[in-house]
Amino acid sequence: MLNYDTLFSDYIDKISDWTFDAHVTKVFSEMIQRSVPGYSNIIAMLGMLAQRFVQPDSQVYDLGCSLGAATKSIRRNIKVTGCNIIAIDNSPPMVKCCHNSLNSSQTSTPVKVIEADILDVPIENASMVVLNFTLQFIKPIDRLRLLTQVYSGLKTLGILVLSEKISFEDTNIGELLFKMHHDFKRANNYSTLEISQKHSMLKHVMFTESIETHKARLKQAGFKHVETWFQCFNFSSLIAQKQV
Ligand SMILES: C[S@@+](CC[C@H](N)C(=O)[O-])C[C@H]1O[C@@H](n2cnc3c(N)ncnc32)[C@H](O)[C@@H]1O
């Protein structure tokens with residue numbers, strides 16, 4: 001059973017910056033499903049994308065893996081041999097829980113869980129790389145370098161899946177979708193106080209950008225083929241493919 005998230009339900013006198021600490025780790029599965037519209041769909045679809053795009057004798061990278069939801073969906077759906085998945089996160093409690101939960105079931109595709117900064121890890125021989133709501137926590141100044149590393153490490157026809165909370169160039173629509181996201185959270189039992197306290201905590205650590213900015217950066221990193229494959233309110237997922 002999932003642990004119910006009540007972390008920020010009481011008034012917090014002095015709001016600190018958001019961290020993926022042991023408290024967040026404990027409730028994370030529940031928290032992300034109640035907070036990110038379409039999260040479960042994206043996780044399931046990552047499995048379908050893996051079936052289509054993971055190539056024999058290649059590697060899959062789950063960058064910012066948290067508890068390994070994307071890794072598990074991909075692992076269940078890899079149909080080719082000789083692959084392995086590398087799941088990376090820099091939060092020690094996330095890595096510990098991810099490791100324990102992945103080891104509880106045996107499958108033919110091995111998974112290595114690594115505690116590291118994704119900016120420091122080389123990407124090699126990859127046919128699929130996933131950044132599922134992780135790039136938003138990387139400083140904008142470091143994003144091109146990371147995406148260029150991803151592009152260089154991908155095999156021809158390999159894909160990057162980039163899911164992000166997004167902002168909008170049209171501020172009217174942006175405000176509407178921002179409010180609809182809060183409606184979604186309220187419908188999932190988060191109070192106005194919880195929503196506002198979490199928003200304040202994330203303010204200095206999560207930096208959203210528009211789809212147009214993400215697409216332009218992906219092209220700058222080398223991807224010629226980039227498109228949105230999922231969007232719900234202000235949450236979106238892009239697919240970028242490396243071609244010759
Ligand atoms: C919103 S969660 C990602 C959710 C996860 N990908 C999933 O699909 O369930 C963001 C994760 O990125 C990790 N993270 C943030 N910055 C990182 C960095 N520089 N290197 C490695 N992991 C990072 C955080 O610790 C956190 O677990």
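Heads up: the structure comes first, above all this text.
The rules behind the values
- Residues numbered from 1 in each chain as written.
- Predicted model: local features only at pLDDT ≥ 70, side-chain atom pairs only at ≥ 80, totals over all residues.
- Heavy atoms only, no water.
- Near = heavy atom within 4 Å.
- Polar contact = N/O pair within 3.5 Å; in protein donor to acceptor, adjacent residues only side chain to side chain.
- Areas by Shrake-Rupley, 256 points an atom, 1.4 Å probe, with all protein chains shown as cover.
- Buried < 20%, exposed > 50% of the residue type's maximum accessible area, 1.4 Å probe, protein only.
- Helix = DSSP H or I, 4+ residues; strand = E, 2+ residues; numbered from the N terminus.
- Pairing = 2+ DSSP bridges.
- Right-handed = clockwise from strand over helix to strand, strands pointing away.
- Expected span 1.5 Å × (residues − 1).
- Arc of directions from axis to C-beta.
- Contact = heavy atoms within 4.5 Å.
- Axes fitted to C-alpha atoms, helices over the stretch in contact; angles between N-to-C directions.
- Parallel < 35°, antiparallel > 145°, perpendicular 65-115°, else oblique.
- Left-handed = near helix turned anticlockwise from the far one by under 90°.

Novice: Is there a simple way to think about the site of the ligand in this case?
Specialist: If you check the shell around the ligand, you find 19 residues, and the closest are Tyr39, Gly64, Ser66, Asp89 and Asn132. Between the ligand and the protein, one listed contact pairs an oxygen atom with a side-chain N or O atom of Asp89 at 2.6 Å. At 3.0 Å, a backbone N or O of Ile118 approaches a nitrogen atom of the ligand. Burial of the ligand by the protein amounts to 95% of the accessible area it has alone, namely 610 Å².

Novice: Just checking my understanding: could you explain the pairing of strand E2 (residues 84-89) for this structure?
Specialist: The two faces of the sheet receive side chains in turn, since in a regular strand these alternate between them. Where burial is concerned, most of E2 is hidden: five out of the six residues are buried. Direction of pairing for strand E1 (residues 59-63) relative to E2: parallel, over a ladder of five bridges. Across the sheet, residue Val60 finds its bridge partner in E2, namely Ile85. Following the backbone out of E1, through helix H3 (residues 69-77) and into the adjacent parallel E2, one traces a crossover that is right-handed.

Novice: Help me understand the environment of Ala216 in this model?
Specialist: Inspection of the secondary structure puts Ala216 in helix H8 (residues 211-221). Sequence spacing of Ala216 and Leu7 is 209 residues, and the spatial spacing of their C-alpha atoms is 37 Å.

Novice: How should helix H6 (residues 171-187) be read in this particular structure?
Specialist: An α-helical turn contains 3.6 residues, so a residue and the one three or four places further along point in the same direction. Look at H6: 24 Å from first C-alpha to last across 17 residues, which is about the 24 Å you get at 1.5 Å a residue. Listing the buried residues of H6 in full gives Gly174, Leu177, His181, His182 and Lys185. Take H6 and look down its axis: the buried residues cluster within an arc of 145°, on one side only. Residues of H6 that are exposed and point more than 90 degrees away from the buried face comprise Asn172 and Ala187. Packed against the buried residues of H6 are helix H1 (22-35), strand E5 (154-167), helix H7 (192-202), strand E7 (225-232) and strand E8 (235-241). For H6, the capping residue at the N-terminal end is Asp170, with a side-chain oxygen 3.0 Å from the backbone nitrogen of Asn172. A positive phi of about 80° marks Asn189, the residue just after H6.

Novice: I keep staring at the packing of helix H5 (residues 140-153) against H8 and nothing clicks. Help me out?
Specialist: For any two helices packed against each other, the geometry comes down to the angle between their axes and how far apart the axes lie. Where H5 contacts H8, the axes come no closer than 8 Å and their chain directions differ by 50°. Taken together, the axes of H5 and H8 lie oblique to each other. Note on packing geometry: the crossing formed by H5 with H8 is right-handed. Contacts between H5 and H8 involve Pro140, Arg143, Leu144, Leu147, Thr148 and Tyr151 on the former and, on the latter, His214, Arg217, Leu218, Gln220 and Ala221.

So yeah, pure geometry; function would need other evidence.
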